[in-house]
Amino acid sequence: MSTNSTYYIPHKATWPVIGTVGLMIMLAGFANFLNGSSIGQPLMIVGLLTFITMLVGWFSLQAKESESGMYNHEVGISYRHGMMWFIFSEIVFFAVFFGTLWYTRNLSVPWLGEGATKELLWPAFDATWPTNGPGKVGGEFEPMGAWGLPFLNTLLLLSSGVTCTWAHHGLLAKNRGQLIKGLIATVALGFLFVCFQAIEYHEAYTEMGLTLGSGVYGSTFFMLTGFHGFHVCVGAIILSVVLFRSTRGHFSPENHFAFEAAAWYWHFVDVVWLGLFIFVYLM
Amino acid sequence: MSAAEDAHDHHDDHHHDHGPEKGLLRWIITTNHKDIGTLYLLFALTMFFVGGAMAMVIRAELFEPGLQFVDPAFFNSMTTMHALVMVFGAVMPAFVGLANWQIPLMIGATDMALPRMNNMSFWMLVAGVLLLASTLFMEGGAPNGGWTLYPPLVLQPITVGKALPFAIFSVHLLGISSIMGAINIIATIFNMRAPAMKLMDMPLFVWTWLITAFLLIAVMPVFAGAVTMLLTDKFFHTSFFNAAGGGDPVLYEHIFWFFGHPEVYIMILPTFGVASTIIPVFARKPLFGYASMVWATASIAFLSFIVWAHHMFTVGMPIAGELYFMYATMIIAVPTGVKVFNWTATMWKGAMTFETPMLFSIAFVVLFTLGGFTGLMMSIAPSDFQYHDTYFIVAHFHYTLVPASVFILMAAGYFWLPKWTGNMYNEKIGQLHFWLSVISVNILFFPQHFLGLAGMPRRIPDYAVQFADWNMISSVGGFIFGASQLLFLYIVIDTIRGGTGEKVSDEVWEDASKHSLEWTLPTPLPYHTWTTPPASVPTEHVLDSH
């Protein structure tokens, strides 16, 4: 306690630069792909594989170090600070898109349907939500209802929050069976959510005429739910890793930062979904 | 030394004698806060000259009316890239470099809280800048729609060519880098502080960086979101900024400036922190009004979130919006005034000496105040209709960035390099650098106020002949300023390589150890410091507030 030397400081790190190079290659590849260059796709794949290698390597190293008792209490606190503020940055990222939805529905769409804009430019435009704008960008579409798959998905995610907490209680009570069962249920519910969302998207594209290009309704709908769905995938993968580690006997009631971080992330994804359900589907 | 041994090795310090790795690899895989700080600072210095070279192109083209050297699209690329390189490549990384070096030293921590992530945030910065720089060599050239990347301009093929997706992904990488750096700083300050140091004992530099880190985490994702929507509007048929689809290009401006206004404070708050560190040492007095400085910093940070639309007074907002953003912006003058008066009061009746870091700091107080006053002028919405998009704006924000942030970065270099390297810089050349800089920076930017008030717009390669005289004077100032900075480069290299050769004491500056912890450590600093946290901390800087 009295010295800083008990705080583990690694003396070198090779994974960060590997991950950075991977991410840079992936993004450079994506940019080339968007510009129509044939080198884009291979670069994206190489970059992605490098990035995944980094994730596997780095997290394995962390797990090994954690299990060998190298992280004292203070290191755990630093990690918790890190995760907390990372999630905060994610919340802000989602807030941008929620803000966009708010601005569009309450300001820019009404402005398009009033005053000189209406009289001179688009007299026929009916400024009500949902809309794909006065230019009817993307053609006729049917908006997504709330009470089919989306409601089912709400129930799924809420239940997964419960099973996640149940698993945490199991971990704290040294009940490994409960921990593993709880995590299996959480991961399964998460992936089921993603499957249902895929079905929902498929219906939107094939039967409802609703696409990412369906004016500002399609843009906000798919951007918000799409980024969320991506986060559910990431969260479910993180939980799968935690599940795998749990089956290998990792974590103790005192030392289980990875579990906690995954659970926080999962609850964050859960809360964002509630926001989506209310503001995108219901209202 | 295996890491596992480390963990059981509570009594013995020998693993801290661990020196750096040998060779080039040391710099790639390092987790040491001093190494990473050095990387950040050297990278920032390089980018300062890259961005500076772009500024020289701009000033050369504007030396006379008419088109002289470059074609207009390239000129616009230069204004765009100069801004992006200076903001994201030079000023921000330089302050992160200072944070890496100084925060652990000042709070008695052995290193940053998350050393591996520290390494990654530096390399993400390099990756982001490489992606951005690659656009210079692309068909259609680098982005040339301005650093704000406003749609619909930036989405038009003629404006971006192939550069847009690279610029956007560069912003994503730079955002990741900044967020990781900021998280690390927050975790370090909250979790690694010496037990003896309470929050209200922390040096002002640490305080300002803590608040800046919150700003970074709160706004970098906003910028990332904005450019992501640009990307999907351009390539995936979305209509966020397309009125025909129900969207609104003005929305982009709102989102951008919700990021952009806190962003300019991200560059100025650590500036305040360094100034508040240097001035008391050379005035040989405690900082006047320590607590009020902390609260003023926090107030400025809070206000930065609720004033963004003063960048868009002419865009067509409801009158209530114009009034709100006008008054909210004016309020910022109050905490900023508190700071300026506190620095002045710190110097009042001090036993002042005027070494190079102090000269730069005093110039900062004076010239930043001038830039602040023109900011106040622009906060008045009806007046801003005249200033908007003119050289008056250019003059304003360059006064708050160059003789403020950049001067203070120079001051920080002169102030801490002797401590870091154990070598003294050449005071004569330092002062020559100062006087050349402070005179030429005013020749460079002061005439731009007149040009702007007379109506010369920003971001144009050619102009009406009535603007010729002041542009020529401004360009001459620019060339002198640019050339003077080579002196700084020389001094940095010379100091690292031995400097004047005189022996530097642990304190370096008289009684500096009364002000802050780093001066109690040996000079030059060992590779690992504070393996045992200090038992007590200096309180000179907080004397006035107790």
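In this text the structure is predicted, and so the values were computed from the model without any measurement.

A. Local environment of the overall build of chain B. Along chain B, the regular secondary structure elements total 17 helices and 0 strands. Computed over the C-alpha atoms, the radius of gyration of chain B is 23 Å, within 12% of the 24 Å expected from 2.2 N^0.38 for a compact globule of 546 residues. Counting only C-alpha atoms and orienting by the principal axes, one finds that chain B spans roughly 70 × 55 × 45 Å. For chain B, buried positions account for 57% of its 546 residues. Of the contacts formed within chain B by residues at least 6 apart in sequence, a portion of 82% connects residues at least 24 apart.

B. Structural context of unusual backbone geometry. Note the cis peptide between Trp129 of chain A and Pro130 of chain A, where omega equals 0 degrees. Counting through the fold element by element, Pro130 of chain A comes out in the loop between α4 (115-121) and α5 (149-172). With an omega of -10 degrees, the peptide bond between Thr523 of chain B and Pro524 of chain B qualifies as cis. Considering the arrangement of structural elements, one finds Pro524 of chain B in the segment after α17 (468-496). The phi dihedral of Arg459 of chain B falls on the positive side, at around 55 degrees, and the residue is not glycine. Tracing the backbone shows Arg459 of chain B in the loop between α16 (427-453) and α17. Residue Arg459 of chain B is classed as partly exposed on the basis of its C-beta count, with 16 C-beta atoms lying within 10 Å. At Asp511 of chain B, a residue that is not glycine, the phi angle is positive and equals roughly 60 degrees. Turning to its location among the elements, Asp511 of chain B is positioned in the segment after α17.

C. A look at the packing of helix α7 (residues 164-191) of chain B against helix α8 (residues 204-235) of chain B. Residues and elements named next belong to chain B. Following both chains from N to C, one finds α7 and α8 inclined at 155 degrees, their axes separated by 8 Å at the closest point. Relative to α8, the element α7 is oriented roughly antiparallel. In the crossing of α7 with α8, the sense of the turn from one axis to the other is left-handed. For the contact of α7 with α8, the residue count by class is 23 nonpolar, 3 polar and 1 charged.

D. Representation of the domain arrangement of chain A. All names here are of chain A. Partitioning chain A into structural domains gives domain 1 (1-70) and domain 2 (73-282). Computed over C-alpha atoms, the centres of domain 1 and domain 2 are 25 Å apart. Facing 6 residues of domain 1, the contacting portion of domain 2 comprises 6 residues. Partitioned by chemical class, the residues of the side of domain 1 that touches domain 2 number 4 nonpolar, 1 polar and 1 charged.

E. Structural context of the interface of chain B and chain A. Taken together, the contact pairs 65 residues of chain B with 59 residues of chain A. Within the residue set of the side of chain B that touches chain A, elements represented by two or more residues are α1 (3-7), α2 (25-29), α5 (115-134), α7, α8 and α9 (249-283) of chain B. Considering only residue class, the side of chain B that touches chain A consists of 39 nonpolar, 19 polar and 7 charged.

Each value, and the rule that gives it
- Residues numbered from 1 in each chain as written.
- Chains lettered and ligands numbered in written order.
- Predicted model: local features only at pLDDT ≥ 70, side-chain atom pairs only at ≥ 80, totals over all residues.
- Helix = DSSP H or I, 4+ residues; strand = E, 2+ residues; numbered from the N terminus.
- Rg over C-alpha atoms; globule rule 2.2 N^0.38 Å.
- Buried ≥ 20, exposed ≤ 12 C-beta atoms within 10 Å, placed from the backbone.
- Contact = placed C-beta atoms within 7 Å.
- Axes fitted to C-alpha atoms, helices over the stretch in contact; angles between N-to-C directions.
- Parallel < 35°, antiparallel > 145°, perpendicular 65-115°, else oblique.
- Left-handed = near helix turned anticlockwise from the far one by under 90°.
- Nonpolar A, V, L, I, M, F, W, Y, C, P; charged D, E, K, R; others polar.
- Domains from an automatic or database assignment.

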